[in-house]
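A look at the structure
Listed below are the residues making up each chain.
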Amino acid sequence: RSSSSFHVPIKPSFISYDLDLGQFIVGTYARCGNTIGLHTDTKTCMNKSENRLVWFAEEEVSLTQPNYCSPFFSEMQGAVSARSGTSNKGHSSKFILWIVSSYGPYADSHLHIVSGFDPLSCTDHSFAGELSDMKTLHYPPGLEDLHIEENNKDERYM
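Below or above, wherever it landed, is the structure these notes cover. (Residues numbered from 1 in each chain as written. Predicted model: local features only at pLDDT ≥ 70, side-chain atom pairs only at ≥ 80, totals over all residues. Heavy atoms only, no water.)

1. Digging into the pairing of strand S4 (residues 76-83)
Counting buried positions along S4 gives seven out of eight residues, so the element sits mostly inside the fold. Two elements, S4 and strand S5 (residues 95-101), share seven bridges in a ladder whose sense is antiparallel. Opposite Gly 78, over in S5, you have Val 100 as the bridge partner. (Buried < 20%, exposed > 50% of the residue type's maximum accessible area, 1.4 Å probe, protein only. Helix = DSSP H or I, 4+ residues; strand = E, 2+ residues; numbered from the N terminus. Pairing = 2+ DSSP bridges.)

Here you go:
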């Protein structure tokens, strides 16, 4: 076993890993919704600047670097990204981003699927709830962590 620690530019709520970029994904969120503790996808909730994601390699991160992407969805519990398709050079610059949002034992969990996202050029922006290439799937309460794994046959599973 081994371990390491490092500072990141946001307060981590969850961590994942992008196999294509070879980078960690760390996210944090702002609590929004009503007093019962239900998750909601209102524009007000999705446009809070505290809803942040950041991609980084371990050796290239500090309290101030790199810039985070914001705003995203409220009550984010996990996120993963992967390249989508290929270009004429064999790699696509566009990614698919999956984000799960949930809060409390009563409301559905939401799996947000964003196509055509580019985490490498991500800076402060306001896309939440406005992308035409976004789908939201509803699941029972409790969906949280997302991870993509690869087996020895280069097959990937989420």
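Having seen it, we continue.
2. Digging into the layout of surface pockets
Estimates place the volume of the largest pocket at around 180 Å³. What lines the largest pocket is a set of 13 residues, and nearest its centre among them are Trp 55, Pro 66, Asn 67, Pro 119 and Leu 120. Per element, the largest residue contribution to the lining of the largest pocket is three residues, and it comes from strand S3 (residues 52-56). Here the residues of the lining of the largest pocket sort into nine nonpolar, three polar and one charged. (1 Å grid on protein atoms, 1.4 Å probe; cavity = no way out; pocket = protein on both sides within 12 Å on 5 of 7 lines; lining within 4 Å. Points joined across faces, edges and corners; volume = space filled by probe spheres on them. Nonpolar A, V, L, I, M, F, W, Y, C, P; charged D, E, K, R; others polar.)

3. Some remarks on the nonpolar core
A general trend in soluble globular proteins is that nonpolar side chains are found buried together. Ranked by internal contacts, the top residues of the largest apolar core, which has 18 residues, are Leu 53, Trp 55, Phe 72, Phe 73, Leu 97 and Ile 99. Among the secondary structure elements, those contributing two or more residues to this core are S3, S4, S5 and strand S6 (109-117). Looking at which element gives the most residues to this core, the answer is S5, with three residues. Ignoring sequence-local partners within four residues, the contact set of Leu 97 consists of Leu 53, Trp 55, Phe 72, Val 80, Ser 81, His 112, Ile 113, Val 114 and Phe 117. Ranked by size, the runner-up nonpolar core spans eight residues in total, among them Val 80, Val 100, Leu 146 and Ile 148. (Core = buried A, V, L, I, M, F, W, Y, C linked by side-chain atoms within 4.5 Å. Contact = heavy atoms within 4.5 Å.)

Keep in mind these numbers describe shape, not what the thing actually does.
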